[in-house]
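# Secondary and tertiary structure notes
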Amino acid sequence: MNYNNQLEGSTLGEEQIYSVTELTQSIGFVLEGEFNSIWVSGEISNFRVPGSGHAYFILKDTKSQIRCILFRGEKRFIAFEPEEGMEVLVHGSITVYGQRGEYQIIVSAIEPKGKGALQVAFEQLKEKLLKEGLFNKERKRELPEFPERVGVVTSPTGAAVRDIIKVITRRYPAINILLYPVKVQGDGAAKEIAEGINYFNSKESADVLIVGRGGGSIEDLWAFNEEIVARAIFNSKIPVISAVGHEIDFTIADFVADHRASTPSSAGEMAVKDVKEVKKSLRSCADRMVISLTNKIQNFQENIKQISMKRVLKSPLTHIHDLEIKIDDYQIRVVKGVDLKIREYKLKTNSLSSRLYTLSPSNRINQSKRVLGEFKRRLFGTTSVIIRARENRIKELAGRLNSLSPLSVLGRGYSICFSSPKRRPLYSSSDTSVGDMVDVKLYKGELCCKVLQLKD
Amino acid sequence: MAKSTFESDLKRLEKIVEDLEQGNLDLDKSLEKFEEGIRLTRSCSKRLEEAETKIEILIQDKEGKIKSIPFMPEEKGSVETDE
């Protein structure tokens, strides 16, 4: 027997003799040929990612297990994070690792079993950000009541931008809209959206942001489920309204945003008030001021009247004073009370003029007639204004209110004398003394005067 | 005080109305507040009437600088794009 011959000849009788490497290569050839591009179902175990960035895990079921490698390059394309114990479908090819005599799966894709990969990724990111506090209610900010500029991050060509602009400009035309155009789906969309949000923040060039797009499939909306967008919204100093898809679509962006709009149109409604409502509240402010002041003046007038009753003959000036206040008061009531009847006006002017006749010497009568004429003229003017006011009420109300100010009496040549420097109106010469400084307020400008003499 | 915005003016106006309605002010002070209130009412209305709608889009110019230009959303079906 020649032992050596048997080895060198590499055959034993009819049978081939392999070296270990040859055998391993042959096994590899068979396995890799047979199990190329296969799907395997199992449970992930011992999942780990060392420094290289490649992921190693074992896929197992109740009786068997097989090693798997997920290279860094492929791992990037897997939306969700594989987790211990997760039931998955793995796609890949068998390779034989000769140095250890092992076979393993080189993984090219992993799908969670039962749910879509994106669904799982969504839930995982939601869970993670929830734990980090990105969805906390306490951090959600109120929207500004009157933004001067609305920043919009969306596609410049979609229906969303049209809807947003249409709704905002219809509700509140005194607005400035600045659009940061982005891709809203596909590669790089999430990055662009995040950059848009960051841009507005770095320039502080908007009071509120709308970030969104129209409806679509979960794949279409995916950019708004990416972490980079969530972080940008979270870090935004400007309040953010998310407006992604339709009523039923919820994205991570919706959870992080300060406010979630169910559609782009409703984001527009959230961003700005309806100008009609604003005008209404301005009107109500003006009305309330007039009413308050009228009450005030009525009280004041009551007081004056009581005093003047006692000093009627001694001081005709008090009467004129009384009269002026009364007239101003009437004017205010005229404008306020649209329902006040003409007959009532006449009644009042009649009684007023008869009172003047009985109370005043002739020069006073002339003066009072002039005042009365002025009053009538204004009264007449005001009633016709009231009819026009229906059309453009707010503007005119403001204008008319100004003309009502008791200070407008100055425009008729009267002046007010104030003590200086306290600026209290002087009602009597005894309110001051010789040598005092007084300020005389005229229709235009003021005089600084010194009291030379006091007369009763 | 910070620069006057529509919001700050309106807040101020509401405060004045409340003060006047409280009725604790003397007549002079009331008149002063009233006139300020009227001024604010008028300037707020004016802002609402006069401010124009401005819609702009950000673009990058040839040097890579970001600037804003007027923007009109495309009508449905249009495929034209600027630049």
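This one's a predicted model, so the numbers in the text were calculated from it and none came from an experiment. For every chain, the first residue of the written sequence is number 1, and numbering continues from 1 along that sequence. By the order in which they are written, chains take letters starting at A while ligands take numbers starting at 1. pLDDT decides what is reported in this predicted model: residues at 70 or higher carry local features, side-chain atom pairs at 80 or more are listed and counted, and totals for whole chains, interfaces and linings draw on all residues regardless. Here the side-chain values reflect all heavy atoms present in the structure, with hydrogen atoms and water set aside.

## Notes on the overall build of chain B
From N to C terminus, chain B includes two helices and two strands. Order of helices (α) and strands (β) in chain B, N terminus to C terminus: α-α-β-β. Pairs at least 24 apart in sequence give 34% of the contacts found in chain B among residues at least 6 apart. For chain B, the exposed area adds up to about 5,700 Å²; of that, 48% sits on carbon and sulfur atoms. Where helices and strands are cited, they refer to DSSP runs of H or I of at least four residues and of E of at least two residues respectively, numbered from the N terminus. The contact criterion used is simple: two residues touch if any of their non-hydrogen atoms lie within 4.5 Å. Note on areas: Shrake-Rupley with a 1.4 Å probe; residue coverage comes only from the protein chains shown.

## Details of the sheet that holds strand β4 (residues 55-60) of chain A
All names here are of chain A. Reading around the barrel, the five strands line up as β3-β4-β5-β7-β6 and close back on themselves, with mixed pairing between neighbours. Going across the sheet, the axis of each strand differs from the next one's by a mean of 55°, ignoring polarity. Looking at chain direction, strand β5 (residues 65-70) and strand β7 (residues 102-112) are connected through three bridges and run parallel. Note that in β7 the partner of Ile-69 across the bridge is Ile-106. Sheet strands in contact with helix α2 (residues 20-34) are β6 (87-97) and β7, and its direction is about 145° off that of β6. A strand pair is defined by DSSP finding two or more bridges across the two strands. Think of each axis as a best-fit line through the C-alpha atoms, taken over the contacting stretch in the case of a helix, with angles from 0 to 180 degrees between the N-to-C directions.

## What to know about the confidence of the model for chain A
Residues and elements named next belong to chain A. The predictor attaches a confidence to each residue, called pLDDT, with possible values from 0 through 100. The predicted model of chain A averages 79 in pLDDT, with 73% of residues at 70 or higher. Of the regions scoring below 50 in pLDDT, residues 1-7 engages in four contacts with residues more than four places distant in sequence or in other chains. Counted against residues more than four places away or in other chains, residues 336-365, with its pLDDT under 50, gives 38 contacts.

## Some details on the sheet that holds strand β15 (residues 446-450) of chain A
Residue and element names in this part refer to chain A. Spatially, β13-β14-β15 is the arrangement adopted by the three strands of the open sheet, whose pairing is antiparallel. The strands lining the two open edges of the sheet, one partner per strand, are β13 (416-419) and β15. Sheet twist, expressed as the average angle between the axes of neighbouring strands with direction ignored, equals 30°. Bridging between β13 and strand β14 (residues 437-441) involves four bridges; their strand directions are antiparallel. Counterpart to Ser-419 in the pairing with β14 is Val-438.

## A short note on the packing of helix α5 (residues 159-171) of chain A against helix α9 (residues 264-271) of chain A
Residues and elements named next belong to chain A. Contact pair α5 / α9: the axes reach a minimum separation of 8 Å and the direction vectors enclose 30°. With respect to each other, α5 and α9 are oriented roughly parallel. The chirality of how α5 crosses α9 is right-handed. Between α5 and α9, the residues in contact are Ala-160, Asp-163, Ile-164, Val-167, Ile-168 and Arg-171 and Pro-264, Ser-265, Gly-268, Glu-269 and Ala-271, respectively. A per-class count over the contact of α5 with α9 returns six nonpolar, two polar and three charged. Oblique is the label for any angle not under 35 degrees, not over 145, and not in the 65 to 115 range, which are roughly parallel, roughly antiparallel and roughly perpendicular in turn. Here a crossing is taken to be left-handed if its near helix is turned anticlockwise relative to the far helix by less than a right angle, and right-handed if that turn runs clockwise. For this classification, the nonpolar set comprises Ala, Val, Leu, Ile, Met, Phe, Trp, Tyr, Cys and Pro, the charged set comprises Asp, Glu, Lys and Arg, and every other residue, Gly included, is treated as polar.

## Let's talk about the layout of surface pockets
Residue and element names in this part refer to chain A. Every definition here rests on a 1 Å grid over the protein atoms only: cavities are sets of points where a 1.4 Å probe fits but cannot get out, pockets are open sets enclosed by protein on both sides within 12 Å along at least five of seven lines, and lining residues have some atom within 4 Å of a point. Grid points are joined across faces, edges and corners, and a volume is the space filled by probe spheres set on the points. Put simply, the second largest pocket is a space of about 1,000 Å³. Around the second largest pocket, the lining is made up of 36 residues, and of these Arg-76, Ile-78, Ala-79, Trp-222 and Glu-226 lie nearest the centre. At the level of elements, α3 (72-75), β7, α4 (117-132) and α6 (189-203) are the ones that each hand at least two residues to the lining of the second largest pocket. Residues of the lining of the second largest pocket, tallied by class, amount to 17 nonpolar, six polar and 13 charged.

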